[in-house]
Amino acid sequence: MTQTPVAEMSFEQAMQELETLVTQLEGSQVALDDSIKLYERGAELKKHCEEKLKSAEEKVAKITFGADGKPNGLTAADE
Amino acid sequence: MSDLIDAPSEGQNAPEFSVSEISGAVKRMIEGEFSHVRIRAEVGRVSRPRSGHVYLDLKDDRAVLAGVMWKGVVAKLRTQPEEGMEVVATGKLTTFPGQSKYQMVIENIAPAGVGALMAMLEKRKQMLAGEGIFDQDRKQPIPYLPEVIGVVTSPSGAVIRDILHRLRDRFPRKVLIWPVAVQGEKCAPEVTAAIEGFNAMSVGGAIPRPDLIIVARGGGSLEDLWGFNEESVVRAAAASDIPLISAVGHETDTTLIDFASDLRAPTPTAAAEHAVPVRADLLGWLGNIETRRLRSLQSGLDNRRQRLRDLSRALPNPAELVGIQGQRLDVLAGRLPRALQSVAQNKRTRLSQTSAGLRPQILNQQIVLKKQSIDAVSRRFAQGAKTQVSQIRSRLDGLDRLRETLGYTATLKRGYAVVRDDAGALVSNAKTAGAAAGLDIQFADGHVQLGAANNHKPKPKKNPPPKPSGGQGSLF
């Protein structure tokens, strides 16, 4: 089993692991002790995914440039 | 013409020019005559010194015209001239008196029609493909859910609106717009700078570094989209560490950046669709998987409980198991004594069979034989021994007789005597006999003591009383 800390996972990684994990649990080929561990990790993964999905905030900014032509900041996009 | 003075040669009275004067005249004439010309030609050798000016040859199959473009003109060109390109150059002719040359100062140069542009595009594509820039194994995967999306496009117009709308519909994200000119001579350098600029941002910097770049532009003519064919743009897109989606023009337009990008989207809207998943779908999936997860543990327990029940049902009655074994034990225990008896019986039979062959006669026979041979040997031994003993005895007798003959006792019998002093020492001459205190004379049949000292000796006592005999005794 991957031991990547859940907090460091991308949404996609967490999603894939959650999917695999639940499929494993459903298959009941896992030892009971392991299935409880999987269940708990599943809860973590679910929470992580949920947080990633919640942070769906739109923020559009336009890059501004300094005299040297390099980006030096952001400004609200005038859509 | 004149008959007064002989004319040395015709035309000698023509005005004389200095080289500078004639060069100047030619220059004025050429510049006046060709102050604005359009020339269709193939580009020959192109040289780009550090000054920024561009020197090139314009040629056809028979003639070559040297051309120069000043730095300011070069910067404004939409397409840079390349060797072999079919172009139309606009400008004026001028001379370069210092080298007796004339040349064209080009003010604008453009590919001669779409065909020439296409040909050039194809050539450039071949070159870049040859470098491996378009190779599939260079492509990076597009992140499933990028946090920050950098969009390189015009800040106004339908393209950015379409992208933002579609992103909002699917999964609102942080978007950084890097405004660029999407056509004209500024397009390529600005797009290049934008791609490189996003890549140069650090992850924890003031401006968040995007994890996906979209380079987008709406549809347009080949010339409009030309900036996205420029080598610098293509190379920047290929070198981008951040995965890059290109969406330039409509579905039918293909620019070189599309070959170098990690993913080519047919339209800006499609680029947004590739960039993010649909949030609602994911929420649905998450709800679903959560239900499955919750249910799976319960159903796992239920399954186990059920299996336990099934297994325990299938487990046979222990008493039954023991009973059957007990029965087997009884049967075997019953057979055990009989088995022992029959084993003993078998052994007994074998023993008697074997012992039947074991008879005393066999031994006796041997004994008789051996006894006979022993008898024979002992008989021979007795015989031999007897013979041996009688032989040894007769030899011993012989030797004894010889001993007697040699010893002095036999001599005594013939009338000799042995004289000893009172100490028992042999006296063999008269001088010694005179000196002795006493004398003992031995004859064959006894001793005679002479002198005072005869009492000392035990030996004469033992002997019978001395009996004078022989000549020796008569001496005293």
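Because the structure is a prediction, the values reported are computed rather than measured.

Cut-offs applied
Here, residues in each chain are numbered from 1, in the same order as that chain's written sequence. Chain labels run from A onward and ligand labels from 1 onward, assigned in the order the entries are written. Side-chain atom pairs in this predicted model are given and counted only at pLDDT of 80 or more, local residue features only at pLDDT of at least 70, and totals for whole chains, interfaces and linings cover all residues. Side-chain descriptors were evaluated using all non-hydrogen atoms of the structure, hydrogens and water having been removed beforehand. Here, strands pair whenever DSSP counts at least two bridges between them. Each helix is a run of DSSP H or I of at least 4 residues and each strand a run of E of at least 2, with the numbering of both proceeding from the N terminus. Axes, fitted as lines to C-alpha atoms, cover a helix only where it is in contact. Angles between the N-to-C directions of the axes lie from 0 to 180 degrees. Any two residues whose heavy atoms approach within 4.5 Å at even a single point are treated as in contact. Here the buried area means the combined drop in accessible surface, using a 1.4 Å probe, for two parts upon being joined, counting both sides. Each reported salt bridge corresponds to a side-chain nitrogen of Lys or Arg within 4 Å of a carboxyl oxygen of Asp or Glu. Any N or O atom pair separated by 3.5 Å or less is treated as a polar contact, with the protein-specific requirement of one donor-capable and one acceptor-capable atom, and with residues adjacent in sequence counted only for side-chain atom pairs. Each domain span listed reflects an automatic or database assignment of domains. Only protein chains enter the accessibility calculation, which uses a 1.4 Å probe; a residue whose area is less than 20% of its type maximum is buried, one above 50% is exposed, and one in between is partly exposed. UniProt positions are given in the numbering used here, feature names are shortened, and annotations may be inferred rather than shown by experiment. Definitions used throughout: a 1 Å grid over protein atoms alone; a cavity as a set of points that fits a 1.4 Å probe which cannot get out; a pocket as an open set with protein on both sides within 12 Å along at least five of seven lines; a lining residue as one with an atom within 4 Å of a point. Grid points are joined across faces, edges and corners, and a volume is the space filled by probe spheres set on the points. Just so you know the grouping, Ala, Val, Leu, Ile, Met, Phe, Trp, Tyr, Cys and Pro go in nonpolar, Asp, Glu, Lys and Arg go in charged, and all remaining residues, Gly too, go in polar.

Caption draft 1: Structural context of the sheet that holds strand 5 (residues 101-111) of chain B. All names here are of chain B. The strand order 1-2-3-5-4 describes a closed barrel built from 5 strands, whose pairing is mixed. Pairs of neighbouring strands in the sheet enclose a mean axial angle of 55°, with direction left out of account. Where strand 4 (residues 86-96) meets strand 5, 10 bridges bridge the pair, whose relative direction is antiparallel. The residue bridging V88 from the neighbouring strand is A110, located in strand 5.

Caption draft 2: Examining the sheet that holds strand 13 (residues 447-451) of chain B more closely. Residues and elements named next belong to chain B. Taken in spatial order, the 3 strands of this open sheet run 11-12-13, and their pairing is antiparallel. Taken across any chain shown, the strands that pair with only one partner, and hence form the sheet edges, are strand 11 (418-421) and strand 13. Averaged over all adjacent pairs, the angle separating strand axes in this sheet is 20°, with direction ignored. Bridging between strand 11 and strand 12 (residues 438-442) involves 4 bridges; their strand directions are antiparallel. Bridge pairing links V419 to I441 in strand 12.

Caption draft 3: Examining the interface of chain B and chain A more closely. Each partner contributes to the interface: chain B provides 36 residues, whereas chain A provides 39 residues. For the chain B and chain A pair, buried surface summed over both sides reaches about 3,600 Å², with 66% attributable to carbon and sulfur atoms. R168 of chain B serves as the salt-bridge partner of E58 of chain A, at 2.8 Å between the closest nitrogen and oxygen. Across the contact surface, chain B and chain A share 11 residue pairs in polar contact (both at pLDDT 80 or more). Elements with a contribution of two residues or more to the side of chain B that touches chain A: helix 4 (158-170), strand 7 (174-179) and helix 9 (279-314) of chain B.

Caption draft 4: Representation of the domain arrangement of chain B within the structure. Taken domain by domain, chain B holds domain 1 (19-111), domain 2 (122-277), domain 3 (362-406) and domain 4 (410-473). Taking only C-alpha atoms into account, the centre of domain 2 of chain B sits 167 Å from that of domain 4 of chain B.

Caption draft 5: Region of the structure containing helix 6 (residues 231-239) of chain B. Taken together, the buried positions of helix 6 of chain B are V233, V234, A236, A237 and A238 of chain B. Buried-residue contacts for helix 6 of chain B involve helix 3 (113-130), helix 5 (187-200), strand 9 (244-248) and helix 7 (256-260) of chain B.

Caption draft 6: Structural detail: the pattern of salt bridges. Counting across every chain of the model gives 21 salt bridges over all chains. Here R403 of chain B and D400 of chain B are joined by a salt bridge, their closest N and O atoms 3.0 Å apart. You can see R403 of chain B and its partner D400 of chain B sitting in helix 11 (residues 360-406), 3 residues apart, about one turn around the helix. Using a relative accessible area of 34% as the deciding quantity, one classes D400 of chain B as partly exposed. A single salt-bridge network, built from bridges that share partners, covers E19 and E26 of chain A together with R292 of chain B.

Caption draft 7: The arrangement of the UniProt feature "domain: Exonuclease VII large subunit C-terminal" (unreviewed entry) in chain B in detail. Here the UniProt feature "domain: Exonuclease VII large subunit C-terminal" (unreviewed entry) sits at residues 133-449 of chain B. With 58% helix and 12% strand, the stretch residues 133-449 of chain B has end C-alpha atoms that lie 161 Å from each other.

Caption draft 8: The arrangement of empty space enclosed by the protein in detail. Counting across every chain of the model gives 2 cavities of 30 Å³ or more. Here the largest cavity is characterised by a volume of approximately 40 Å³. If you go around the largest cavity, you meet 10 residues; those closest to its centre are L25 and S35 of chain A together with S296, G300 and R304 of chain B. Only helix 2 (32-54) of chain A together with helix 9 of chain B provide two or more residues apiece to the lining of the largest cavity. Ranked by residues supplied to the lining of the largest cavity, first place goes to helix 9 of chain B with 5 residues. Counted by class, the lining of the largest cavity contains 5 nonpolar, 4 polar and 1 charged residues. Taken together, I133, D135, R138, K139, A238, A260 and D262 of chain B make up the lining of the second largest cavity. Partitioned by chemical class, the residues of the lining of the second largest cavity number 3 nonpolar, no polar and 4 charged.

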